[in-house]
Amino acid sequence: MSSWNELLAQQAQALTTTQLAVGFVAPLGDQGLIALDGEESASFLHNQLTNDVEHLGQGEVRLAGYCSPKGRLLASFLMWRNETTIFLQLPREIQAPVQKRLGMFVLRAKTKLSDATELPASQVALGLGGGMAEEALQNWFDPLPARPFTKVDHPLGTLIRVADVFGAPRYQWLMSAEVAQTVVPELAAKLSVGRTDAWHLSEIHAGIPQITKATQEQFVPQMINFELLGGVNFKKGCYPGQEIVARSQYLGKLKRRTTLVSIADAAAAAGVEVFATADPEQPCGMIVNAAPNGKGGIDALVEMKLAAIEAASVRLGSADGVPLTFLDMPYVLDPLDL
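Model, not experiment: these values are computed from the prediction.

S.K.: Go over the environment of A177, please, and point to the residues and values.
M.R.: Considering the arrangement of structural elements, one finds A177 in helix α6 (residues 177–190). A C-alpha to C-alpha distance of 6.1 Å links A177 and Q123, two positions 54 residues apart in sequence. Sequence-distant contacts of A177, defined by excluding residues within four places in its chain, comprise W4, Q123 and V124.

S.K.: Talk me through the pattern of salt bridges; I want residue IDs and the actual numbers.
M.R.: Summed over all chains, the structure comprises 7 salt bridges. Put simply, R257 and E227 hold a salt bridge, and the shortest N to O gap is 2.8 Å. Linking R257 in strand β12 (residues 256–263) with E227 in the loop between α7 (196–205) and α8 (242–250), this pair joins segments that are 30 residues apart in sequence. Like R257, the residue E227 is buried in the burial classification. A salt bridge links E303 to R256; the shortest N-O distance between them is 2.3 Å.

S.K.: Could you give an account of the packing of helix α1 (residues 4–11) against α6, with specific residues and numbers?
M.R.: What describes two packed helices is the angle between their axes and the distance between those same axes. Between α1 and α6, whose axes approach to 8 Å, the crossing angle comes to 30°. When the interaxial angle is binned, α1 and α6 end up roughly parallel. In contact with W4, L7, L8 and Q11 of α1, α6 contributes A177, A180, Q181, V184, P185 and A188. Across the contact of α1 with α6, the residue classes break down as 8 nonpolar, 2 polar and no charged.

S.K.: Summarise the side chain of T215; cite the residues concerned and give the values.
M.R.: You can see T215 is positioned in the loop between α7 and α8. A relative accessible area of 0% means that T215 is categorised as buried. Residue contacts for T215: discarding those within four places in its chain leaves L73, Q210, A270, G271, M286, I287 and V288.

S.K.: Lay out the sheet that holds strand β5 (residues 85–91) in plain terms, naming residues and giving numbers.
M.R.: By way of backbone hydrogen bonds, the strands of a sheet pair with one another, either parallel or antiparallel. As summarised here, the arrangement of the 5 strands in space is β3-β4-β5-β2-β6, forming an open sheet in which the pairing is antiparallel. What marks the edges here is a single partner per strand, and that holds for β3 (61–67) and β6 (112–115). Ignoring strand direction, the axes of neighbouring strands in this sheet form an average angle of 30°. Here strand β2 (residues 31–37) pairs with β6 via 4 bridges, running antiparallel. Note that in β6 the partner of D37 across the bridge is K112.

S.K.: Summarise the pairing of strand β13 (residues 273–276); cite the residues concerned and give the values.
M.R.: Inspection of the sheet shows β13 paired to strand β14 (residues 285–292) by 2 bridges, in the antiparallel sense. Bridged to V274 within β14 is G285. When β13 meets strand β16 (residues 314–316), the two strands line up antiparallel, connected through 3 bridges. Within β16, the residue paired with F275 across the bridge is R315.

S.K.: How would you explain the nonpolar core if you had to name every residue and give the values?
M.R.: L78, W80, I160, F219 and I224 are the most contacted members of the largest nonpolar core, which has 45 residues in total. The set of elements that each furnish at least two residues to this core consists of β1 (24–27), β2, β3, β4 (73–81), β9 (157–165), α7 and β14. Each of domain 1 (1–251) and domain 2 (253–337) contributes no fewer than three residues to this core.

S.K.: Tell me about unusual backbone geometry, and name the residues and values.
M.R.: Between D142 and P143 the backbone carries a cis peptide bond, its omega angle lying at 5°. By the secondary structure assignment, P143 is in the loop between α5 (133–137) and β8 (150–154). Its identity is not glycine, yet F166 carries a phi of approximately 55°, on the positive side. Summarising the element assignment, F166 is placed in the loop between β9 and β10 (168–175). In this structure, N225 is a non-glycine residue whose phi angle is positive, near 65°. For N225, a relative accessible area of 0% corresponds to the buried category.

S.K.: Kindly report on the packing of aromatic side chains, identifying the contributing residues and their values.
M.R.: Applying the stated criterion across every chain, the model contains 4 aromatic pairs. Ring centres of F24 and W199 lie 6.3 Å apart, and the angle between their planes is 45°; on these two criteria the pair is classed as tilted. Of the two residues, F24 is situated in strand β1 and W199 in helix α7; the sequence distance between them amounts to 175 residues. Both residues of the pair, F24 and W199, count as buried. Three or more aromatic residues link up through ring pairs in this structure, and these residues are W140, F141 and W173.

S.K.: Go over the sheet that holds β13, please, and point to the residues and values.
M.R.: On the basis of which strands lie adjacent, the open sheet formed by 6 strands has the order β16-β13-β14-β15-β12-β17 and antiparallel pairing. In this open sheet, the two edge strands, each paired with only one partner strand, are β16 and β17 (324–326). Adjacent strand axes in the sheet meet at a mean angle of 40°, parallel and antiparallel pairs treated alike. Of the pairings in the sheet, the one linking β12 to β17 comprises 3 bridges and is antiparallel in character. The residue bridging S262 from the neighbouring strand is T325, located in β17.

Criteria and thresholds
Residues numbered from 1 in each chain as written. Predicted model: local features only at pLDDT ≥ 70, side-chain atom pairs only at ≥ 80, totals over all residues. Heavy atoms only, no water. Helix = DSSP H or I, 4+ residues; strand = E, 2+ residues; numbered from the N terminus. Contact = heavy atoms within 4.5 Å. Salt bridge = Lys/Arg side-chain N within 4 Å of Asp/Glu carboxyl O. Buried < 20%, exposed > 50% of the residue type's maximum accessible area, 1.4 Å probe, protein only. Axes fitted to C-alpha atoms, helices over the stretch in contact; angles between N-to-C directions. Parallel < 35°, antiparallel > 145°, perpendicular 65-115°, else oblique. Nonpolar A, V, L, I, M, F, W, Y, C, P; charged D, E, K, R; others polar. Pairing = 2+ DSSP bridges. Core = buried A, V, L, I, M, F, W, Y, C linked by side-chain atoms within 4.5 Å. Domains from an automatic or database assignment. Phe/Tyr/Trp six-rings, centres within 6.5 Å; stacked < 30°, edge-to-face > 60°.

Listed below in C-alpha coordinates is the structure:
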(Lines give C-alpha, C1' and ligand atoms only; values in the text may rest on other atoms or scores of the structure.)
Protein backbone atom coordinates (compact mmCIF):
# COMPACT_ATOMS: atom_id res chain seq x y z
CA MET A 1 0.00 0.00 0.00
CA SER A 2 1.36 3.41 -0.93
CA SER A 3 1.88 5.96 1.81
CA TRP A 4 -0.70 8.76 2.01
CA ASN A 5 1.65 11.33 0.46
CA GLU A 6 2.69 8.99 -2.37
CA LEU A 7 -0.98 8.40 -3.14
CA LEU A 8 -1.72 12.12 -3.30
CA ALA A 9 1.37 12.75 -5.41
CA GLN A 10 0.39 10.02 -7.88
CA GLN A 11 -3.11 11.40 -8.40
CA ALA A 12 -2.44 15.14 -8.06
CA GLN A 13 -3.26 17.33 -11.03
CA ALA A 14 -3.82 20.99 -11.87
CA LEU A 15 -7.48 21.62 -11.10
CA THR A 16 -9.89 24.09 -12.66
CA THR A 17 -12.38 26.13 -10.66
CA THR A 18 -15.11 23.81 -11.98
CA GLN A 19 -13.35 20.83 -10.41
CA LEU A 20 -12.86 22.77 -7.17
CA ALA A 21 -16.57 23.49 -7.05
CA VAL A 22 -17.47 19.80 -7.45
CA GLY A 23 -15.11 18.56 -4.74
CA PHE A 24 -11.38 18.36 -4.14
CA VAL A 25 -8.66 17.47 -1.67
CA ALA A 26 -5.11 18.86 -1.68
CA PRO A 27 -2.08 18.79 0.63
CA LEU A 28 -1.08 22.01 2.39
CA GLY A 29 2.61 21.24 2.33
CA ASP A 30 3.83 24.83 2.11
CA GLN A 31 2.14 26.01 5.31
CA GLY A 32 3.97 26.38 8.60
CA LEU A 33 2.59 26.53 12.13
CA ILE A 34 3.80 28.53 15.10
CA ALA A 35 2.64 27.40 18.55
CA LEU A 36 2.52 29.61 21.63
CA ASP A 37 2.28 27.97 25.04
CA GLY A 38 2.07 29.65 28.42
CA GLU A 39 -0.48 31.53 30.52
CA GLU A 40 0.31 34.90 28.94
CA SER A 41 0.30 33.77 25.31
CA ALA A 42 -3.02 35.43 24.50
CA SER A 43 -2.15 38.76 26.10
CA PHE A 44 1.25 38.76 24.39
CA LEU A 45 -0.24 38.16 20.94
CA HIS A 46 -3.07 40.60 21.63
CA ASN A 47 -0.41 43.33 21.85
CA GLN A 48 1.31 42.22 18.64
CA LEU A 49 -1.44 41.36 16.13
CA THR A 50 -4.23 43.27 14.37
CA ASN A 51 -7.01 41.10 15.80
CA ASP A 52 -8.41 40.30 19.23
CA VAL A 53 -6.60 37.30 20.70
CA GLU A 54 -7.66 37.56 24.35
CA HIS A 55 -11.27 36.71 23.49
CA LEU A 56 -10.51 33.99 20.95
CA GLY A 57 -12.68 30.99 21.85
CA GLN A 58 -11.63 27.37 21.40
CA GLY A 59 -14.27 26.87 18.72
CA GLU A 60 -13.29 29.99 16.80
CA VAL A 61 -10.81 30.65 14.01
CA ARG A 62 -9.66 34.16 13.07
CA LEU A 63 -7.49 35.94 10.57
CA ALA A 64 -4.85 38.23 12.03
CA GLY A 65 -2.03 40.38 10.71
CA TYR A 66 1.43 41.20 12.05
CA CYS A 67 2.58 44.67 11.01
CA SER A 68 5.79 46.64 10.97
CA PRO A 69 5.84 49.94 12.89
CA LYS A 70 4.90 51.56 9.56
CA GLY A 71 1.66 49.57 9.45
CA ARG A 72 2.81 47.28 6.62
CA LEU A 73 2.04 43.58 6.90
CA LEU A 74 4.97 41.31 7.73
CA ALA A 75 2.69 38.28 7.90
CA SER A 76 -0.93 37.22 7.84
CA PHE A 77 -2.13 34.33 9.97
CA LEU A 78 -4.97 31.90 10.33
CA MET A 79 -5.25 31.68 14.11
CA TRP A 80 -6.92 29.23 16.49
CA ARG A 81 -6.40 27.73 19.94
CA ASN A 82 -7.05 24.75 22.16
CA GLU A 83 -6.96 24.50 25.95
CA THR A 84 -3.22 25.09 26.20
CA THR A 85 -1.90 26.44 22.90
CA ILE A 86 -2.49 29.20 20.35
CA PHE A 87 -1.58 28.35 16.75
CA LEU A 88 -0.59 30.74 13.96
CA GLN A 89 -0.59 29.34 10.42
CA LEU A 90 1.51 31.13 7.76
CA PRO A 91 3.67 30.25 4.74
CA ARG A 92 6.56 28.06 5.80
CA GLU A 93 8.96 30.20 3.73
CA ILE A 94 8.55 33.11 6.17
CA GLN A 95 7.83 31.20 9.36
CA ALA A 96 11.34 31.20 10.80
CA PRO A 97 12.02 34.97 10.51
CA VAL A 98 8.50 35.88 11.66
CA GLN A 99 8.76 33.52 14.63
CA LYS A 100 12.16 34.96 15.50
CA ARG A 101 10.85 38.54 15.30
CA LEU A 102 7.87 37.77 17.51
CA GLY A 103 10.18 36.04 19.96
CA MET A 104 12.26 39.21 20.31
CA PHE A 105 9.30 40.91 21.99
CA VAL A 106 8.39 38.19 24.47
CA LEU A 107 10.69 39.66 27.14
CA ARG A 108 9.20 38.60 30.49
CA ALA A 109 5.85 37.42 29.16
CA LYS A 110 5.00 33.87 30.23
CA THR A 111 4.83 32.35 26.78
CA LYS A 112 7.03 30.16 24.61
CA LEU A 113 7.07 30.10 20.81
CA SER A 114 7.84 26.89 18.95
CA ASP A 115 7.64 25.41 15.47
CA ALA A 116 4.52 23.21 15.50
CA THR A 117 4.69 22.24 11.84
CA GLU A 118 5.91 18.73 12.60
CA LEU A 119 4.03 18.08 15.83
CA PRO A 120 2.56 14.55 15.88
CA ALA A 121 -0.99 15.95 16.18
CA SER A 122 -0.60 18.08 13.07
CA GLN A 123 1.91 16.33 10.85
CA VAL A 124 -0.50 16.29 7.93
CA ALA A 125 -2.64 19.21 6.76
CA LEU A 126 -5.17 18.69 3.98
CA GLY A 127 -7.44 21.22 2.31
CA LEU A 128 -10.88 20.15 1.14
CA GLY A 129 -13.74 21.93 -0.57
CA GLY A 130 -16.55 21.78 -3.09
CA GLY A 131 -19.98 20.27 -2.99
CA MET A 132 -18.81 16.68 -2.38
CA ALA A 133 -16.29 17.45 0.38
CA GLU A 134 -18.93 17.93 3.05
CA GLU A 135 -20.46 14.53 2.34
CA ALA A 136 -17.05 12.88 2.38
CA LEU A 137 -16.13 14.42 5.74
CA GLN A 138 -19.39 13.28 7.33
CA ASN A 139 -17.96 9.76 7.29
CA TRP A 140 -15.71 10.86 10.16
CA PHE A 141 -17.12 14.06 11.68
CA ASP A 142 -20.53 14.61 13.25
CA PRO A 143 -21.19 17.47 13.45
CA LEU A 144 -19.06 19.44 11.02
CA PRO A 145 -18.13 23.05 11.87
CA ALA A 146 -21.37 24.99 11.52
CA ARG A 147 -20.11 28.14 9.81
CA PRO A 148 -16.97 29.66 8.31
CA PHE A 149 -14.10 30.39 10.70
CA THR A 150 -15.08 27.80 13.28
CA LYS A 151 -13.51 24.45 14.15
CA VAL A 152 -14.05 21.16 15.90
CA ASP A 153 -11.45 19.12 17.76
CA HIS A 154 -11.86 15.39 17.30
CA PRO A 155 -9.90 12.21 18.04
CA LEU A 156 -9.06 12.14 14.33
CA GLY A 157 -7.63 15.68 14.35
CA THR A 158 -8.74 19.28 14.07
CA LEU A 159 -11.23 20.25 11.38
CA ILE A 160 -11.23 23.97 10.55
CA ARG A 161 -13.89 25.52 8.35
CA VAL A 162 -12.55 28.54 6.49
CA ALA A 163 -14.22 30.88 4.00
CA ASP A 164 -16.75 29.26 1.67
CA VAL A 165 -16.31 29.42 -2.10
CA PHE A 166 -18.37 28.38 -5.12
CA GLY A 167 -21.36 28.04 -2.82
CA ALA A 168 -19.78 25.28 -0.73
CA PRO A 169 -17.77 25.02 2.51
CA ARG A 170 -14.00 24.61 2.59
CA TYR A 171 -12.05 22.91 5.34
CA GLN A 172 -8.57 22.27 6.62
CA TRP A 173 -8.09 18.91 8.30
CA LEU A 174 -5.00 18.65 10.54
CA MET A 175 -4.24 15.05 11.44
CA SER A 176 -1.52 12.59 12.30
CA ALA A 177 0.25 10.61 9.59
CA GLU A 178 -1.39 7.48 10.98
CA VAL A 179 -4.87 8.93 10.46
CA ALA A 180 -3.86 10.19 7.01
CA GLN A 181 -2.84 6.69 5.99
CA THR A 182 -6.42 5.57 6.65
CA VAL A 183 -8.48 8.49 5.37
CA VAL A 184 -6.53 9.72 2.33
CA PRO A 185 -7.37 6.70 0.12
CA GLU A 186 -11.08 7.24 0.79
CA LEU A 187 -10.88 10.97 0.12
CA ALA A 188 -8.86 10.43 -3.06
CA ALA A 189 -11.47 7.96 -4.30
CA LYS A 190 -14.30 10.46 -3.89
CA LEU A 191 -12.72 13.83 -4.66
CA SER A 192 -10.45 15.33 -7.31
CA VAL A 193 -6.88 15.34 -6.02
CA GLY A 194 -5.03 18.59 -6.52
CA ARG A 195 -1.59 19.89 -5.76
CA THR A 196 -1.06 22.53 -3.08
CA ASP A 197 -1.75 25.11 -5.82
CA ALA A 198 -5.35 23.88 -5.93
CA TRP A 199 -5.84 25.00 -2.34
CA HIS A 200 -4.34 28.39 -3.14
CA LEU A 201 -6.67 28.71 -6.13
CA SER A 202 -9.62 28.11 -3.83
CA GLU A 203 -8.28 30.72 -1.38
CA ILE A 204 -7.94 33.22 -4.20
CA HIS A 205 -11.52 32.69 -5.34
CA ALA A 206 -12.67 33.03 -1.74
CA GLY A 207 -10.92 36.41 -1.70
CA ILE A 208 -8.60 35.44 1.18
CA PRO A 209 -5.12 36.96 0.80
CA GLN A 210 -1.95 35.59 2.33
CA ILE A 211 1.27 37.52 2.81
CA THR A 212 4.26 35.67 1.35
CA LYS A 213 7.97 36.45 1.14
CA ALA A 214 7.41 38.36 -2.12
CA THR A 215 4.89 40.74 -0.54
CA GLN A 216 6.14 41.36 2.98
CA GLU A 217 5.92 45.05 3.99
CA GLN A 218 4.01 45.98 0.82
CA PHE A 219 0.48 46.44 2.14
CA VAL A 220 -1.43 48.12 4.93
CA PRO A 221 -4.16 45.62 5.98
CA GLN A 222 -7.00 47.51 4.28
CA MET A 223 -5.19 47.37 0.94
CA ILE A 224 -5.75 43.59 0.88
CA ASN A 225 -9.33 43.81 2.26
CA PHE A 226 -8.20 42.41 5.59
CA GLU A 227 -10.64 44.41 7.71
CA LEU A 228 -13.52 43.31 5.44
CA LEU A 229 -12.59 39.71 6.32
CA GLY A 230 -12.59 40.30 10.06
CA GLY A 231 -8.80 40.33 10.33
CA VAL A 232 -8.57 43.75 12.02
CA ASN A 233 -10.21 44.75 15.29
CA PHE A 234 -10.32 48.54 15.59
CA LYS A 235 -11.48 48.47 19.23
CA LYS A 236 -8.57 46.53 20.67
CA GLY A 237 -5.47 48.08 22.18
CA CYS A 238 -2.22 49.06 20.55
CA TYR A 239 -0.02 46.85 18.41
CA PRO A 240 2.88 47.65 16.04
CA GLY A 241 1.62 49.93 13.26
CA GLN A 242 -1.80 50.37 14.90
CA GLU A 243 -1.84 54.15 14.56
CA ILE A 244 -1.23 54.00 10.80
CA VAL A 245 -3.80 51.22 10.31
CA ALA A 246 -6.39 53.24 12.23
CA ARG A 247 -5.54 56.41 10.33
CA SER A 248 -6.00 54.57 7.04
CA GLN A 249 -9.45 53.54 8.21
CA TYR A 250 -10.78 56.78 9.62
CA LEU A 251 -8.93 59.64 7.94
CA GLY A 252 -9.78 60.03 4.29
CA LYS A 253 -11.21 57.61 1.76
CA LEU A 254 -9.45 54.33 1.09
CA LYS A 255 -7.83 54.50 -2.34
CA ARG A 256 -6.65 50.92 -2.85
CA ARG A 257 -8.25 47.49 -2.63
CA THR A 258 -7.62 43.92 -3.74
CA THR A 259 -9.69 42.26 -6.44
CA LEU A 260 -9.91 38.98 -8.33
CA VAL A 261 -8.51 38.59 -11.84
CA SER A 262 -7.45 36.00 -14.38
CA ILE A 263 -4.22 36.37 -16.39
CA ALA A 264 -3.28 34.32 -19.46
CA ASP A 265 0.36 34.11 -18.39
CA ALA A 266 1.55 31.18 -16.29
CA ALA A 267 4.58 33.20 -15.13
CA ALA A 268 2.50 35.80 -13.26
CA ALA A 269 3.38 35.58 -9.57
CA ALA A 270 3.05 37.33 -6.22
CA GLY A 271 5.04 40.56 -6.08
CA VAL A 272 4.79 41.33 -9.81
CA GLU A 273 3.51 44.83 -10.54
CA VAL A 274 0.58 45.71 -12.77
CA PHE A 275 -0.03 48.86 -14.84
CA ALA A 276 -3.17 50.74 -15.83
CA THR A 277 -3.28 51.66 -19.51
CA ALA A 278 -4.56 55.12 -18.54
CA ASP A 279 -1.36 55.80 -16.57
CA PRO A 280 1.41 53.69 -18.12
CA GLU A 281 4.40 55.34 -16.46
CA GLN A 282 3.93 53.92 -12.96
CA PRO A 283 2.49 50.71 -11.50
CA CYS A 284 -1.07 50.85 -10.22
CA GLY A 285 -0.78 47.74 -8.09
CA MET A 286 0.80 44.38 -7.30
CA ILE A 287 -0.15 40.71 -7.36
CA VAL A 288 -0.80 39.50 -3.82
CA ASN A 289 -1.37 35.79 -4.56
CA ALA A 290 -1.51 33.75 -7.76
CA ALA A 291 -2.22 30.10 -8.61
CA PRO A 292 -2.53 28.06 -11.81
CA ASN A 293 -6.14 27.92 -12.97
CA GLY A 294 -5.90 24.68 -14.94
CA LYS A 295 -6.38 26.53 -18.23
CA GLY A 296 -2.80 27.54 -18.93
CA GLY A 297 -2.88 30.82 -17.03
CA ILE A 298 -3.28 31.94 -13.44
CA ASP A 299 -6.00 33.44 -11.29
CA ALA A 300 -4.87 36.03 -8.80
CA LEU A 301 -5.72 38.48 -6.09
CA VAL A 302 -4.28 41.84 -7.13
CA GLU A 303 -4.01 44.95 -5.00
CA MET A 304 -4.46 48.14 -7.00
CA LYS A 305 -5.82 51.65 -7.08
CA LEU A 306 -9.61 51.85 -6.99
CA ALA A 307 -9.58 53.95 -10.14
CA ALA A 308 -7.80 51.10 -11.94
CA ILE A 309 -10.34 48.57 -10.67
CA GLU A 310 -13.18 50.76 -11.87
CA ALA A 311 -11.61 51.31 -15.32
CA ALA A 312 -10.74 47.59 -15.59
CA SER A 313 -7.95 48.18 -18.14
CA VAL A 314 -4.84 46.83 -16.43
CA ARG A 315 -1.87 44.83 -17.73
CA LEU A 316 0.85 42.63 -16.29
CA GLY A 317 4.37 44.00 -15.89
CA SER A 318 3.88 47.06 -18.11
CA ALA A 319 1.15 48.95 -19.92
CA ASP A 320 1.95 46.74 -22.95
CA GLY A 321 1.79 43.46 -21.03
CA VAL A 322 -0.79 40.70 -20.89
CA PRO A 323 -4.22 42.09 -19.95
CA LEU A 324 -5.94 41.25 -16.67
CA THR A 325 -9.47 39.88 -16.93
CA PHE A 326 -11.50 41.10 -13.98
CA LEU A 327 -13.69 38.52 -12.21
CA ASP A 328 -16.45 38.94 -9.64
CA MET A 329 -15.30 39.07 -6.05
CA PRO A 330 -17.04 36.76 -3.56
CA TYR A 331 -17.76 39.69 -1.23
CA VAL A 332 -18.52 43.37 -1.68
CA LEU A 333 -15.66 45.82 -1.60
CA ASP A 334 -16.76 48.77 0.51
CA PRO A 335 -19.63 50.28 -1.54
CA LEU A 336 -18.37 53.71 -0.58
CA ASP A 337 -15.13 52.95 -2.40
CA LEU A 338 -16.48 52.18 -5.86
